[in-house]
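So you can see what is in the structure, the chains are spelled out below.
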Amino acid sequence: MSRSLFGTDGIRGRANRHPMTTEVALALGRAAGTHFRTGQHRHTVVIGKDTRRSGYMLEFALASGFVSVGVDVELLGPMPTPAVGMLTRSLRADLGVMISASHNPFEDNGIKLFGPDGYKLSDAVEAEIEALMAGRTDPHLAEPADIGRIRNLRDGRARYIEFAKSSLPRGRGLKGLTAVIDCAHGAAYATAPDVLWELGAEVIAIGTKPDGVNINVGCGSTDPSAAQAAVVANGADIGIALDGDADRVHVIDERGRVIDGDHIMALIATRWAAEQRLAGGALVATVMSNLGLERYLGGQGIRLIRTRVGDRYVVEAMRAHGHNLGGEQSGHIIMTDHVTTGDGLMAALQVLEAMTASGRPLSEIVDLFEPLPQILKNMRFNGAARPLEDPAVKAAIAKGEARLGAAGRLVIRPSGTEPLIRVMGESEDAALLEEIVDTICAAVANVAD
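To keep things clear, this report deals only with the structure shown in the data block. Keep in mind it's a predicted model, so treat the numbers as computed, not measured. (Residues numbered from 1 in each chain as written. Predicted model: local features only at pLDDT ≥ 70, side-chain atom pairs only at ≥ 80, totals over all residues. Heavy atoms only, no water.)

A word on the sheet that holds strand β4 (residues 95–99). Sheet architecture is open: six strands sit in the order β1-β5-β4-β2-β3-β6, paired in mixed fashion. Each end of this open sheet is capped by a strand with a single partner; those strands are β1 (11–14) and β6 (150–152). Going from strand to strand, the sheet's axes swing by 20° on average, the running direction of each strand aside. As judged from the five bridges shared by strand β2 (residues 44–49) and β4, these two strands associate in the parallel manner. Within the sheet, the bridge partner assigned to glycine 48 lies in β4 and is methionine 98. Helix α3 (residues 81–90) rests against β2, β3 (72–78), β4 and β5 (108–114) of the sheet, and its axis sits at about 165° to β4. (Pairing = 2+ DSSP bridges. Helix = DSSP H or I, 4+ residues; strand = E, 2+ residues; numbered from the N terminus. Axes fitted to C-alpha atoms, helices over the stretch in contact; angles between N-to-C directions. Contact = heavy atoms within 4.5 Å.)

This is the structure:
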(Lines give C-alpha, C1' and ligand atoms only; values in the text may rest on other atoms or scores of the structure.)
Protein backbone atom coordinates (compact mmCIF):
# COMPACT_ATOMS: atom_id res chain seq x y z
CA MET A 1 0.00 0.00 0.00
CA SER A 2 1.18 3.51 -0.80
CA ARG A 3 0.77 6.84 1.01
CA SER A 4 -0.39 10.09 -0.52
CA LEU A 5 -1.54 12.14 2.49
CA PHE A 6 1.37 11.34 4.81
CA GLY A 7 4.80 12.82 4.16
CA THR A 8 8.05 12.49 6.08
CA ASP A 9 6.49 14.01 9.20
CA GLY A 10 2.79 13.23 9.18
CA ILE A 11 0.22 15.18 7.17
CA ARG A 12 1.00 18.82 6.53
CA GLY A 13 -0.34 21.71 4.45
CA ARG A 14 -1.97 25.10 4.46
CA ALA A 15 -4.65 25.38 7.13
CA ASN A 16 -8.25 25.14 5.88
CA ARG A 17 -7.06 23.83 2.51
CA HIS A 18 -6.77 20.19 1.56
CA PRO A 19 -5.45 18.17 3.31
CA MET A 20 -5.55 20.39 6.41
CA THR A 21 -9.34 20.57 6.54
CA THR A 22 -11.90 19.52 9.11
CA GLU A 23 -13.19 16.89 6.70
CA VAL A 24 -9.78 15.20 6.45
CA ALA A 25 -9.19 15.51 10.20
CA LEU A 26 -12.57 13.93 10.94
CA ALA A 27 -11.88 11.06 8.54
CA LEU A 28 -8.38 10.61 9.98
CA GLY A 29 -9.75 10.40 13.52
CA ARG A 30 -12.25 7.74 12.48
CA ALA A 31 -9.69 5.73 10.48
CA ALA A 32 -6.89 5.90 13.07
CA GLY A 33 -9.34 5.14 15.87
CA THR A 34 -10.63 2.14 13.97
CA HIS A 35 -7.10 0.88 13.24
CA PHE A 36 -6.00 1.05 16.86
CA ARG A 37 -9.23 -0.14 18.42
CA THR A 38 -8.26 -3.71 19.26
CA GLY A 39 -9.23 -5.67 22.35
CA GLN A 40 -12.04 -5.12 24.81
CA HIS A 41 -10.50 -2.37 26.98
CA ARG A 42 -11.61 1.27 26.94
CA HIS A 43 -9.56 2.88 24.16
CA THR A 44 -7.95 6.30 24.55
CA VAL A 45 -6.13 8.84 22.37
CA VAL A 46 -4.21 11.86 23.66
CA ILE A 47 -4.20 14.99 21.49
CA GLY A 48 -1.72 17.84 21.84
CA LYS A 49 -1.17 20.92 19.69
CA ASP A 50 1.00 23.96 19.28
CA THR A 51 -0.33 27.52 19.38
CA ARG A 52 -1.61 28.05 15.82
CA ARG A 53 -5.10 29.43 15.50
CA SER A 54 -6.09 26.57 13.21
CA GLY A 55 -5.20 24.04 15.91
CA TYR A 56 -8.58 24.45 17.57
CA MET A 57 -10.40 23.64 14.34
CA LEU A 58 -8.38 20.49 13.67
CA GLU A 59 -8.41 19.42 17.32
CA PHE A 60 -12.19 19.38 17.52
CA ALA A 61 -12.55 17.62 14.16
CA LEU A 62 -10.06 14.92 15.14
CA ALA A 63 -11.71 14.47 18.52
CA SER A 64 -15.11 14.10 16.86
CA GLY A 65 -13.73 11.43 14.58
CA PHE A 66 -12.21 9.46 17.43
CA VAL A 67 -15.25 9.52 19.69
CA SER A 68 -17.51 8.54 16.78
CA VAL A 69 -15.71 5.18 16.63
CA GLY A 70 -15.78 4.67 20.39
CA VAL A 71 -12.36 6.07 21.39
CA ASP A 72 -12.05 8.36 24.41
CA VAL A 73 -10.07 11.58 23.92
CA GLU A 74 -7.70 13.31 26.36
CA LEU A 75 -7.01 16.90 25.26
CA LEU A 76 -3.58 18.16 26.33
CA GLY A 77 -3.78 21.70 24.98
CA PRO A 78 -0.51 23.37 23.87
CA MET A 79 2.20 20.79 24.50
CA PRO A 80 5.60 19.95 22.96
CA THR A 81 5.61 17.12 20.44
CA PRO A 82 7.93 14.96 22.61
CA ALA A 83 5.51 15.38 25.51
CA VAL A 84 2.74 13.84 23.41
CA GLY A 85 4.92 10.80 22.70
CA MET A 86 5.84 10.52 26.39
CA LEU A 87 2.27 10.90 27.64
CA THR A 88 0.93 8.41 25.10
CA ARG A 89 3.19 5.77 26.57
CA SER A 90 2.91 6.92 30.19
CA LEU A 91 -0.90 6.96 30.16
CA ARG A 92 -1.06 3.63 28.30
CA ALA A 93 -3.07 5.32 25.56
CA ASP A 94 -3.70 3.53 22.30
CA LEU A 95 -2.65 6.46 20.14
CA GLY A 96 -1.18 9.95 20.38
CA VAL A 97 -1.75 12.92 18.07
CA MET A 98 0.20 16.16 17.72
CA ILE A 99 -1.31 19.02 15.73
CA SER A 100 1.59 21.15 14.51
CA ALA A 101 3.51 22.26 11.46
CA SER A 102 6.69 22.50 13.52
CA HIS A 103 8.92 25.31 12.22
CA ASN A 104 6.52 26.39 9.44
CA PRO A 105 4.57 29.70 9.59
CA PHE A 106 1.17 29.89 11.27
CA GLU A 107 -0.69 29.59 7.95
CA ASP A 108 0.36 25.93 7.82
CA ASN A 109 -0.56 23.09 10.12
CA GLY A 110 0.01 19.36 10.37
CA ILE A 111 -0.96 16.16 12.14
CA LYS A 112 1.54 13.62 13.52
CA LEU A 113 0.49 10.25 14.93
CA PHE A 114 2.19 8.21 17.68
CA GLY A 115 1.59 4.55 18.45
CA PRO A 116 1.00 3.18 21.96
CA ASP A 117 4.77 2.83 22.44
CA GLY A 118 5.16 6.61 22.01
CA TYR A 119 6.98 6.34 18.67
CA LYS A 120 5.82 7.85 15.39
CA LEU A 121 3.97 5.43 13.15
CA SER A 122 5.76 3.50 10.43
CA ASP A 123 5.12 4.13 6.74
CA ALA A 124 3.23 0.83 6.58
CA VAL A 125 0.80 1.74 9.37
CA GLU A 126 0.21 5.18 7.87
CA ALA A 127 -0.61 3.51 4.56
CA GLU A 128 -3.13 1.24 6.29
CA ILE A 129 -4.80 4.28 7.88
CA GLU A 130 -4.95 6.02 4.51
CA ALA A 131 -6.60 2.93 3.03
CA LEU A 132 -9.28 3.09 5.73
CA MET A 133 -9.81 6.79 5.01
CA ALA A 134 -10.32 6.04 1.34
CA GLY A 135 -13.06 3.47 2.05
CA ARG A 136 -16.42 3.63 3.76
CA THR A 137 -16.19 4.57 7.43
CA ASP A 138 -19.87 4.14 8.37
CA PRO A 139 -19.51 0.45 9.33
CA HIS A 140 -16.98 1.44 12.02
CA LEU A 141 -19.22 3.96 13.80
CA ALA A 142 -19.92 3.19 17.45
CA GLU A 143 -23.36 2.49 18.82
CA PRO A 144 -24.86 5.47 20.70
CA ALA A 145 -24.00 4.00 24.11
CA ASP A 146 -20.40 3.35 23.00
CA ILE A 147 -19.54 6.82 21.69
CA GLY A 148 -16.30 8.03 23.25
CA ARG A 149 -15.86 10.77 25.83
CA ILE A 150 -13.76 13.94 25.62
CA ARG A 151 -12.01 15.55 28.58
CA ASN A 152 -9.11 17.89 29.30
CA LEU A 153 -6.02 16.29 30.87
CA ARG A 154 -5.15 19.01 33.35
CA ASP A 155 -1.86 17.66 34.71
CA GLY A 156 -0.17 16.96 31.36
CA ARG A 157 2.22 19.91 31.63
CA ALA A 158 3.26 19.01 35.17
CA ARG A 159 3.91 15.42 34.13
CA TYR A 160 6.17 16.52 31.28
CA ILE A 161 8.02 19.08 33.41
CA GLU A 162 8.91 16.42 35.99
CA PHE A 163 9.84 13.98 33.23
CA ALA A 164 12.21 16.48 31.61
CA LYS A 165 13.85 17.33 34.92
CA SER A 166 14.43 13.63 35.61
CA SER A 167 16.68 13.36 32.53
CA LEU A 168 19.50 14.95 34.54
CA PRO A 169 21.35 12.88 37.14
CA ARG A 170 19.91 13.16 40.63
CA GLY A 171 21.41 16.15 42.43
CA ARG A 172 22.75 17.72 39.21
CA GLY A 173 21.07 21.11 38.92
CA LEU A 174 21.70 24.30 36.99
CA LYS A 175 22.34 26.69 39.87
CA GLY A 176 24.69 29.48 38.89
CA LEU A 177 23.82 29.38 35.18
CA THR A 178 21.84 32.02 33.33
CA ALA A 179 19.85 30.72 30.37
CA VAL A 180 17.89 32.49 27.67
CA ILE A 181 15.03 30.30 26.44
CA ASP A 182 13.21 31.24 23.22
CA CYS A 183 10.00 29.22 22.89
CA ALA A 184 9.07 30.61 19.44
CA HIS A 185 5.62 31.54 20.80
CA GLY A 186 4.96 27.86 20.38
CA ALA A 187 4.08 24.67 22.19
CA ALA A 188 6.74 24.90 24.92
CA TYR A 189 5.91 28.41 26.10
CA ALA A 190 4.37 27.12 29.35
CA THR A 191 6.78 24.25 30.05
CA ALA A 192 10.38 24.94 28.99
CA PRO A 193 10.99 28.04 31.18
CA ASP A 194 9.59 26.22 34.22
CA VAL A 195 11.90 23.23 33.71
CA LEU A 196 14.98 25.43 33.64
CA TRP A 197 13.82 27.51 36.61
CA GLU A 198 12.99 24.50 38.75
CA LEU A 199 16.42 23.03 38.01
CA GLY A 200 18.01 26.15 39.48
CA ALA A 201 18.91 28.33 36.49
CA GLU A 202 18.27 32.03 36.20
CA VAL A 203 15.87 32.16 33.27
CA ILE A 204 15.28 34.86 30.67
CA ALA A 205 12.25 33.71 28.68
CA ILE A 206 11.29 35.15 25.29
CA GLY A 207 8.85 33.94 22.66
CA THR A 208 6.33 33.04 25.36
CA LYS A 209 3.31 35.14 24.35
CA PRO A 210 1.50 33.23 21.60
CA ASP A 211 -1.44 34.91 19.90
CA GLY A 212 -2.29 32.25 17.33
CA VAL A 213 -0.38 33.85 14.47
CA ASN A 214 3.07 34.79 15.82
CA ILE A 215 4.48 31.26 16.12
CA ASN A 216 8.02 31.10 14.62
CA VAL A 217 7.85 34.77 13.55
CA GLY A 218 11.22 36.43 14.15
CA CYS A 219 12.05 33.97 16.90
CA GLY A 220 12.88 30.36 17.73
CA SER A 221 15.29 28.01 16.02
CA THR A 222 14.38 29.29 12.54
CA ASP A 223 15.35 32.85 13.49
CA PRO A 224 17.53 32.82 16.62
CA SER A 225 18.60 36.46 16.30
CA ALA A 226 16.41 37.58 19.22
CA ALA A 227 17.85 34.87 21.45
CA GLN A 228 21.39 35.75 20.34
CA ALA A 229 20.82 39.38 21.25
CA ALA A 230 19.32 38.43 24.62
CA VAL A 231 22.29 36.21 25.47
CA VAL A 232 24.80 38.97 24.77
CA ALA A 233 22.74 41.74 26.40
CA ASN A 234 22.21 39.79 29.61
CA GLY A 235 25.61 38.09 29.81
CA ALA A 236 23.88 34.73 29.76
CA ASP A 237 25.77 31.43 29.72
CA ILE A 238 23.59 29.85 27.05
CA GLY A 239 20.69 30.51 24.73
CA ILE A 240 18.18 27.83 23.82
CA ALA A 241 16.07 28.39 20.70
CA LEU A 242 13.21 25.93 20.17
CA ASP A 243 10.91 25.63 17.18
CA GLY A 244 7.13 25.80 17.18
CA ASP A 245 6.52 22.32 18.56
CA ALA A 246 9.78 22.13 20.54
CA ASP A 247 11.13 18.97 18.93
CA ARG A 248 14.21 20.73 17.59
CA VAL A 249 16.74 23.13 19.08
CA HIS A 250 19.69 25.34 18.35
CA VAL A 251 21.82 26.48 21.26
CA ILE A 252 23.73 29.74 21.48
CA ASP A 253 27.04 30.15 23.27
CA GLU A 254 27.91 33.00 25.61
CA ARG A 255 29.35 34.97 22.70
CA GLY A 256 26.07 34.86 20.78
CA ARG A 257 27.14 32.22 18.27
CA VAL A 258 24.54 29.69 17.07
CA ILE A 259 25.41 26.00 17.53
CA ASP A 260 23.60 23.59 15.21
CA GLY A 261 22.46 20.00 15.67
CA ASP A 262 25.67 18.46 14.33
CA HIS A 263 27.76 20.12 17.04
CA ILE A 264 25.22 19.28 19.73
CA MET A 265 25.27 15.62 18.67
CA ALA A 266 29.08 15.60 18.61
CA LEU A 267 29.20 16.91 22.18
CA ILE A 268 26.66 14.44 23.54
CA ALA A 269 28.13 11.49 21.63
CA THR A 270 31.64 12.23 22.88
CA ARG A 271 30.52 12.47 26.51
CA TRP A 272 28.35 9.37 26.32
CA ALA A 273 31.14 7.38 24.65
CA ALA A 274 33.58 8.40 27.40
CA GLU A 275 31.03 7.30 30.01
CA GLN A 276 30.44 4.04 28.12
CA ARG A 277 26.75 4.72 27.62
CA LEU A 278 26.72 5.32 23.85
CA ALA A 279 24.90 2.19 22.75
CA GLY A 280 26.68 0.36 19.94
CA GLY A 281 29.42 3.00 19.80
CA ALA A 282 27.53 4.88 17.11
CA LEU A 283 25.54 8.02 16.37
CA VAL A 284 22.67 7.85 13.88
CA ALA A 285 22.19 10.94 11.69
CA THR A 286 20.87 11.77 8.24
CA VAL A 287 22.58 12.35 4.92
CA MET A 288 22.42 16.09 5.67
CA SER A 289 24.89 16.00 8.57
CA ASN A 290 28.21 17.60 7.78
CA LEU A 291 31.12 15.50 6.58
CA GLY A 292 33.21 17.21 9.24
CA LEU A 293 31.07 15.54 11.91
CA GLU A 294 31.67 12.13 10.35
CA ARG A 295 35.41 12.66 10.20
CA TYR A 296 35.53 13.87 13.81
CA LEU A 297 33.52 10.93 15.14
CA GLY A 298 35.72 8.50 13.21
CA GLY A 299 38.74 9.93 14.97
CA GLN A 300 37.04 9.26 18.30
CA GLY A 301 36.25 5.67 17.39
CA ILE A 302 32.55 6.47 17.02
CA ARG A 303 30.66 5.33 13.94
CA LEU A 304 28.24 7.62 12.09
CA ILE A 305 25.28 5.78 10.61
CA ARG A 306 23.40 7.82 8.00
CA THR A 307 19.72 7.58 7.10
CA ARG A 308 17.37 9.37 4.73
CA VAL A 309 16.12 12.78 5.87
CA GLY A 310 13.46 12.78 8.57
CA ASP A 311 13.76 12.16 12.28
CA ARG A 312 11.36 9.21 11.98
CA TYR A 313 13.93 7.39 9.82
CA VAL A 314 16.66 8.18 12.33
CA VAL A 315 14.50 6.65 15.06
CA GLU A 316 13.73 3.58 12.95
CA ALA A 317 17.46 2.95 12.43
CA MET A 318 18.19 3.51 16.11
CA ARG A 319 15.53 1.01 17.16
CA ALA A 320 16.50 -1.53 14.53
CA HIS A 321 20.16 -1.61 15.59
CA GLY A 322 19.96 -0.78 19.29
CA HIS A 323 21.43 2.73 19.28
CA ASN A 324 20.37 5.37 21.79
CA LEU A 325 21.54 8.65 20.23
CA GLY A 326 20.63 10.16 16.90
CA GLY A 327 19.40 13.29 15.26
CA GLU A 328 19.54 15.84 12.49
CA GLN A 329 21.65 18.87 11.71
CA SER A 330 18.45 20.92 11.92
CA GLY A 331 18.33 20.27 15.65
CA HIS A 332 16.20 17.18 16.11
CA ILE A 333 18.11 15.29 18.82
CA ILE A 334 16.72 11.89 19.79
CA MET A 335 17.84 10.16 22.97
CA THR A 336 15.85 6.96 23.29
CA ASP A 337 17.02 6.36 26.86
CA HIS A 338 14.71 9.27 27.64
CA VAL A 339 12.35 10.13 24.76
CA THR A 340 10.80 8.58 21.67
CA THR A 341 11.24 11.52 19.30
CA GLY A 342 13.26 14.70 19.00
CA ASP A 343 13.15 16.83 22.15
CA GLY A 344 14.75 20.26 21.92
CA LEU A 345 14.59 21.03 25.61
CA MET A 346 16.00 17.72 26.79
CA ALA A 347 18.83 17.97 24.27
CA ALA A 348 19.62 21.41 25.68
CA LEU A 349 19.63 19.91 29.17
CA GLN A 350 22.36 17.49 28.05
CA VAL A 351 24.41 20.46 26.87
CA LEU A 352 23.83 22.24 30.18
CA GLU A 353 24.89 19.12 32.06
CA ALA A 354 28.14 19.05 30.06
CA MET A 355 28.74 22.68 31.02
CA THR A 356 28.14 22.10 34.73
CA ALA A 357 30.24 18.92 34.75
CA SER A 358 33.20 20.58 33.05
CA GLY A 359 32.89 23.99 34.68
CA ARG A 360 33.76 25.51 31.31
CA PRO A 361 31.79 27.89 29.08
CA LEU A 362 29.83 26.49 26.17
CA SER A 363 32.16 28.01 23.57
CA GLU A 364 35.04 25.93 24.93
CA ILE A 365 33.33 22.55 24.99
CA VAL A 366 31.35 22.61 21.77
CA ASP A 367 34.04 23.37 19.15
CA LEU A 368 34.91 19.74 18.51
CA PHE A 369 35.24 19.83 14.72
CA GLU A 370 35.50 22.24 11.81
CA PRO A 371 32.58 21.74 9.44
CA LEU A 372 33.24 21.56 5.73
CA PRO A 373 31.77 24.43 3.72
CA GLN A 374 28.16 23.47 3.06
CA ILE A 375 25.58 25.04 0.77
CA LEU A 376 21.86 24.27 0.81
CA LYS A 377 19.50 25.83 -1.73
CA ASN A 378 15.79 25.16 -2.14
CA MET A 379 14.28 25.24 -5.61
CA ARG A 380 10.49 25.50 -5.75
CA PHE A 381 8.70 23.70 -8.57
CA ASN A 382 5.25 23.10 -9.95
CA GLY A 383 3.81 20.11 -8.11
CA ALA A 384 3.16 18.32 -11.39
CA ALA A 385 6.80 18.59 -12.52
CA ARG A 386 9.45 15.92 -11.89
CA PRO A 387 12.75 17.83 -12.00
CA LEU A 388 14.92 14.98 -10.70
CA GLU A 389 13.80 12.76 -13.58
CA ASP A 390 14.95 15.26 -16.21
CA PRO A 391 18.04 14.13 -18.20
CA ALA A 392 19.68 17.56 -17.98
CA VAL A 393 19.31 17.63 -14.18
CA LYS A 394 20.67 14.09 -13.90
CA ALA A 395 23.65 15.04 -16.06
CA ALA A 396 24.39 18.15 -13.98
CA ILE A 397 24.32 16.09 -10.78
CA ALA A 398 26.58 13.38 -12.22
CA LYS A 399 29.08 15.95 -13.47
CA GLY A 400 29.07 17.71 -10.11
CA GLU A 401 29.73 14.49 -8.21
CA ALA A 402 32.63 13.66 -10.50
CA ARG A 403 34.19 17.09 -9.98
CA LEU A 404 33.88 16.86 -6.18
CA GLY A 405 35.32 13.37 -5.95
CA ALA A 406 36.27 12.24 -2.44
CA ALA A 407 36.74 15.82 -1.23
CA GLY A 408 33.01 16.48 -1.00
CA ARG A 409 29.52 15.19 -1.63
CA LEU A 410 26.10 16.13 -2.98
CA VAL A 411 22.65 15.37 -1.60
CA ILE A 412 19.80 16.33 -3.92
CA ARG A 413 16.31 15.36 -2.82
CA PRO A 414 12.68 16.45 -2.92
CA SER A 415 11.21 17.89 0.27
CA GLY A 416 8.82 15.58 2.06
CA THR A 417 6.48 18.44 3.03
CA GLU A 418 6.71 21.09 0.27
CA PRO A 419 7.13 21.23 -3.55
CA LEU A 420 10.84 21.91 -3.25
CA ILE A 421 14.01 20.32 -4.53
CA ARG A 422 16.70 20.64 -1.87
CA VAL A 423 20.20 20.92 -3.34
CA MET A 424 22.91 20.41 -0.72
CA GLY A 425 26.63 20.14 -1.29
CA GLU A 426 29.81 20.00 0.79
CA SER A 427 33.41 20.42 -0.27
CA GLU A 428 36.79 21.47 0.98
CA ASP A 429 36.81 23.86 -2.00
CA ALA A 430 34.07 26.42 -1.28
CA ALA A 431 34.33 28.15 -4.68
CA LEU A 432 34.05 24.89 -6.59
CA LEU A 433 31.10 23.87 -4.43
CA GLU A 434 29.20 27.08 -5.11
CA GLU A 435 29.73 26.68 -8.86
CA ILE A 436 28.47 23.10 -8.83
CA VAL A 437 25.40 23.84 -6.70
CA ASP A 438 24.47 26.84 -8.84
CA THR A 439 24.76 24.73 -12.01
CA ILE A 440 22.45 22.06 -10.59
CA CYS A 441 19.95 24.69 -9.38
CA ALA A 442 19.90 26.27 -12.84
CA ALA A 443 19.17 22.88 -14.40
CA VAL A 444 16.33 22.32 -11.92
CA ALA A 445 14.92 25.80 -12.61
CA ASN A 446 14.71 25.03 -16.33
CA VAL A 447 12.21 22.22 -15.69
CA ALA A 448 10.58 23.47 -12.48
CA ASP A 449 7.67 25.40 -14.05
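That covers the picture; the talk isn't over yet.
Considering all chains together, one arrives at zero disulfides under this definition. Cysteine 219 takes part in no disulfide bond, and the closest cysteine sulfur, belonging to cysteine 183, lies 9.4 Å away. With a relative accessible area of 4%, cysteine 219 lands in the buried category. (Disulfide = S-S within 2.5 Å. Buried < 20%, exposed > 50% of the residue type's maximum accessible area, 1.4 Å probe, protein only.)

Once that is clear, we can look at the packing of aromatic side chains. This model, assessed by the stated rule, comprises one aromatic pair. Residues tyrosine 296 and phenylalanine 369 carry aromatic rings whose centres are separated by 6.3 Å and whose planes lie at 25° to one another, so their mutual orientation is stacked. Here tyrosine 296 is found in helix α9 (residues 291–299), whereas its partner phenylalanine 369 is found in the loop between α12 (362–366) and β16 (374–380), with 73 residues between them in sequence. With a relative accessible area of 13%, tyrosine 296 lands in the buried category. A cation over a ring is seen here: lysine 49 above tyrosine 56, with NZ or CZ 3.3 Å from the ring centre. (Phe/Tyr/Trp six-rings, centres within 6.5 Å; stacked < 30°, edge-to-face > 60°. Lys NZ or Arg CZ within 6 Å of the ring centre and 35° of its normal.)

In this structure, aspartate 182 sits in strand β7 (residues 178–182). Buried charge without a partner: aspartate 182 forms no salt bridge, and the closest opposite charge is lysine 209, 12 Å away. Here alanine 184 takes part through its backbone nitrogen, which lies 2.9 Å from a polar atom of the side chain of aspartate 182. Those residues in contact with aspartate 182, other than ones at most four positions away along the chain, are Ile206, Gly207, Cys219, Gly220, Ala227, Ile240, Ala241 and Leu242. (Lys, Arg positive; Asp, Glu negative; His and termini not counted. Salt bridge = Lys/Arg side-chain N within 4 Å of Asp/Glu carboxyl O. Polar contact = N/O pair within 3.5 Å; in protein donor to acceptor, adjacent residues only side chain to side chain.)

Before going further, it helps to examine the nonpolar core. Membership of the largest hydrophobic core comes to 66 residues, with the highest contact counts inside it found for Leu174, Leu196, Ile238, Ile240, Leu325 and Leu352. If one sorts the elements of this core by residue count, helix α11 (residues 344–358) sits on top with nine residues. The residues touching isoleucine 240, leaving out its near neighbours within four places in the chain, are Val180, Ile181, Asp182, Leu196, Val249, His250, Ala348 and Leu352. By size, the runner-up hydrophobic cluster in this structure holds 30 residues, among which are Val67, Val73, Ile111 and Leu113. (Core = buried A, V, L, I, M, F, W, Y, C linked by side-chain atoms within 4.5 Å.)

Distances and angles like these do not, on their own, reveal function.
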